[in-house]
Amino acid sequence: MASIYPEGAGWAVRNRSRNDTFYQAGFATRAKAQAWLNKREKAIEQRGRPFGLGPEKTTLAQALADYLPLRVPYLKSGDQLCRRINRFIRYGRLPTYQTIPVARRTHETRDSCDRKTVYFELERVPYTPVRVIPQGLGAHRAAQARQGDTSERVRERLACTKVADITRHHIQPLIHALQQEGKAAQTIAHEQAVLREFFNFVKRQWNWVTPAENPAAQLEMPDIDNARDRVLTPDEQERLEAALRECRNPYVAPFIGLLLETAMRQSELLVTAQWRDVDWSRRVLRLWDAKSGGRDVPLTQGALDILNALPRGAAEDRVFPMTLSALNAAWYRAIERAGLENLHKHDLKHCAVTRFAGLLQGDIFLLKVFSGHKTLSQLVRYVNPKVEDALQAVDAAQAARKAPLHARGPTKHPSAGDVLSALDAAAALDVSEASSSTRQTPDALAAAGPVSDKMPTHEGTEWLPVTAAGASEQATLAPVADALPPITYRDIVHAGRTSRRAGNVGLRLRRCTGFRAG
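Residues numbered from 1 in each chain as written. Predicted model: local features only at pLDDT ≥ 70, side-chain atom pairs only at ≥ 80, totals over all residues. Heavy atoms only, no water.

The full count for this structure, using the stated rule, is 4 cavities of 30 Å³ or more. Quantified by volume, the largest cavity comes out at close to 50 Å³. F22, Y23, Q24, W36, R40, L53, E56 and K57 are the residues that line the largest cavity. If you list the elements that add at least two residues to the lining of the largest cavity, you get β3 (21-27) and α1 (30-47). Tallying contributions element by element places β3 first for the lining of the largest cavity, with 3 residues. (1 Å grid on protein atoms, 1.4 Å probe; cavity = no way out; pocket = protein on both sides within 12 Å on 5 of 7 lines; lining within 4 Å. Points joined across faces, edges and corners; volume = space filled by probe spheres on them. Helix = DSSP H or I, 4+ residues; strand = E, 2+ residues; numbered from the N terminus.)

What follows deals with the nonpolar core. The biggest cluster of nonpolar side chains holds 42 residues, and the ones touching the most others in it are L240, F255, I256 and F320. Setting aside anything within four residues of it in sequence, one finds L240 in contact with L232, I256, W331, I335, A338, L340 and L343. V72, C82, L195 and F201 belong to the second-largest nonpolar core, a separate cluster that totals 35 residues. (Core = buried A, V, L, I, M, F, W, Y, C linked by side-chain atoms within 4.5 Å. Buried < 20%, exposed > 50% of the residue type's maximum accessible area, 1.4 Å probe, protein only. Contact = heavy atoms within 4.5 Å.)

Its place among the elements puts C351 in helix α13 (residues 347-359). Residues C351 and E261, spaced 90 residues apart in sequence, show a C-alpha to C-alpha distance of 9.6 Å. Those residues in contact with C351, other than ones at most four positions away along the chain, are R230, V231, L232 and L260.

Turning our eyes to something else, we now look at the layout of surface pockets. Within this model, the second largest pocket holds a volume of roughly 1,000 Å³. Around the second largest pocket, the lining is made up of 32 residues, and of these L232, Q237, C351, T354 and R355 lie nearest the centre. The set of elements that each furnish at least two residues to the lining of the second largest pocket consists of α8 (234-244), α9 (252-262), α13 and α16 (387-400). Broken down by element, the lining of the second largest pocket gets its largest block of residues, 7 residues, from α13. Class assignment for the residues of the lining of the second largest pocket results in 18 nonpolar, 7 polar and 7 charged. (Nonpolar A, V, L, I, M, F, W, Y, C, P; charged D, E, K, R; others polar.)

Written as structure tokens, this is what we have:
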């Protein structure tokens, strides 16, 4: 049973039971001490007892030392997280950890892969007041220490603070110090993410109810603008391939070639891919674990040629048995020989996705199969066409089509002369063809009487009564519609606007044959 008693100028709360021992002092009144105790007992009743000594008696360095083994082994980026957490643990004078990559696959298929896949094993490193610096790195480490002196002082104060006492104004100075030291916005975001995820974890898993709000959230952070659009030109790619062929490591050139042929990430190809993952019949590389889950990577003919040229190992061997440091060293020397600037290995994914976007004519669904992205917003970041690509596509499209309307000149309609020539040719047809038509015959027109009181003559604009003789002339015009498939009534009307004579003939054609616009 907890007891509340006066201590000094305030009040304190103490409990010495076997299952839950705690002590908290500094309350101004007994009522505040009682309210704190009630809140704690309610949290224990709802969520269970807190882990360890609780946030009131545990410093941030001690808590991170317990947190690291629970998280780092199961994260793909566990080695980076381990280095960041060790910087806090070291100020608590506690043993740090070193990551050892797991060389074997823990699951045979991607269907059984879960978040408990082990990526790293941990080795404890005893604390030493003076860090051992490898030979040759003394000047570099000294320069790093001078540059990060302000942020390290803030980090030390933060590491020695009780978790329950940490607020936003303890963490915000660390963000400002990193900005003043010229750290990139993404680097600062990673530092914030370490603390933000830690406070979420202890509240969810350790039942630590204090601090009530996550102090690493809602901070003033620099804007992140790390979008890249670096794409190799054909000339640059030729120079890069020539420089890679000079590498002494026989795996570097095929590795870069596969990145360009498959749009894979370097970690997927360097760490995850094994020979048993290659399905030669389906032409796919089955990744049992990737950034966004397992997926099948289509293998182009160029990718198959590169894989066939590599020395084949055992089924469980990696396709590229080399280390990341060896790859990086060869890459930097190659781009220096090629004379390329501002080119990262991850830019090769931009190059591949942009090229596939052109080959697939913008089919985003097929493009997502190659890139491995789950969302369209992420896919768009990797498609980086240039102005030259847009102009080339427009030129090719225009060459395959007719000239644009403004380049064809005015639209050409049949002229009045064309219409009259066609009518004269139709009038010269055999009368027997007109009699076999389904249209009205001369006798039928004569029997039916005049169609109108007046009709225009063929020779001019004079209006004359329709007689039996006029009916014979009408019959002569009957086969005109059959003789002129390219010329419609609309064309005849257009011609009538420029020639009154042709317009009169068109009216006679319509009235006599029932011809309509096509």
